[in-house]
Amino acid sequence: MADEGKGAGRGTGGYGGLFGGLKDLAKNATAQAATAAAAVASTAQERIEIAQGGKKMLDTGGPVVQNMLLAKKTANDAVTLDRSVVAKLTDAAMIYEEAAQKMKASSTESAGGGAATNEVTAFNRMAAAYEARAAALKVALETLNAVPEAPEISPVEQDAISILVAKGQYRWVATKTAEGFNTLRRRSADAASSAATAASCPA
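Residues numbered from 1 in each chain as written. Predicted model: local features only at pLDDT ≥ 70, side-chain atom pairs only at ≥ 80, totals over all residues. Heavy atoms only, no water.

Novice: What exactly am I supposed to notice about the nonpolar core here?
Specialist: Soluble globular proteins: nonpolar side chains tend toward being buried together. One finds L58, V65, L69, L70, A160, I161, L164 and Y170 forming the largest nonpolar core, which totals eight residues. When residues of this core are assigned to their parent elements, the largest contribution, four residues, is made by helix α2 (residues 15–112). If we skip the residues at most four places from it in the chain, Y170 touches L70, K73, T74, D77, L164, V165 and R187. (Core = buried A, V, L, I, M, F, W, Y, C linked by side-chain atoms within 4.5 Å. Buried < 20%, exposed > 50% of the residue type's maximum accessible area, 1.4 Å probe, protein only. Helix = DSSP H or I, 4+ residues; strand = E, 2+ residues; numbered from the N terminus. Contact = heavy atoms within 4.5 Å.)

Take a look at the structure:
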């Protein structure tokens, strides 16, 4: 009986099976950790190579390459902003149409409910203005919808562009209007000079 008890502890359903399962889990965890570490190392190495490539591109290419990169950056930002404007105009046309419909419906209800005549008149006037604005936007969008294509920028070129931006060589910066809308504004000479000075200072 004692021997049977010992055998049960060492069987596949006892401690032997438990320890074997734990060993397998440990092996799998180790393999997964090694794979993840290798992926991180590979990504880091790739990023380093791209950064080195960007700097080398600027060092060896000189003003010609710098001007080419700034042209690509400017063109990409122009197209991106253009697409954003077109999208906003499309949304504006749609919401103007809905606003006109709601204003007219509310005006009709208000008139039937004995609302003040001046408010009903104002609602009708604004509804007509909204309809006209929506129509004008749609006409404009027929021409504006075809946004030009942007030049392709490789990872190495993007890194080189980032260096130029940090040095204040790029004249446009992302900002917000007084109304809170995202846009691009031309960087002032003082701001560009400050950025260039900061980029040239050692860390």
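Novice: Mind showing me how you'd approach the confidence of the model for the chain here?
Specialist: Predicted coordinates in areas of low pLDDT are best not read in detail. In this model, the chain carries a mean pLDDT of 79, and residues with pLDDT of at least 70 account for 65%. Mean pLDDT values over the elements of the chain span from 49, in helix α1 (residues 2–10), up to 94, in helix α3 (residues 117–144). Low pLDDT (under 50) marks residues 5–11, which in the prediction has seven contacts with non-local residues, meaning those over four places away or in another chain. (pLDDT = per-residue confidence, 0-100.)

Novice: Would you explain the pattern of salt bridges in this entry?
Specialist: Oppositely charged side chains may form a pair once their charged atoms are brought near each other. A full pass over the atoms with the stated rule returns six salt bridges. Two residues, D59 and K55, come together in a salt bridge whose shortest N-O distance is 2.8 Å. Separated by four residues within a single helix, D59 and K55 lie in helix α2, roughly one turn from each other. The partner of E97 in a salt bridge is K138, with the nearest N and O atoms 2.3 Å apart. Residue E97 is found in helix α2, and its partner K138 is found in helix α3; the two are separated by 41 residues along the sequence. (Salt bridge = Lys/Arg side-chain N within 4 Å of Asp/Glu carboxyl O.)

Novice: Where do I start with the packing of aromatic side chains in this structure?
Specialist: Where two aromatic rings form a pair, the distance of their centres and the angle of their planes describe that pair. Applying the stated criterion to the full structure yields one aromatic pair. The interplanar angle of 35° and the centroid separation of 5.5 Å between the aromatic rings of Y96 and Y130 together place this pair among those described as tilted. Highlighted residues: Y96 in helix α2 and Y130 in helix α3, separated in sequence by 34 residues. (Phe/Tyr/Trp six-rings, centres within 6.5 Å; stacked < 30°, edge-to-face > 60°.)

Novice: Before we go on, may I ask you to explain the side chain of K73 in this structure?
Specialist: Along the chain, the position of K73 falls in helix α2. Owing to a relative accessible area of 19%, K73 belongs among the buried residues under this scheme. Contacts of K73, omitting those with residues within four sequence positions, involve I153, I161, V165 and Y170.

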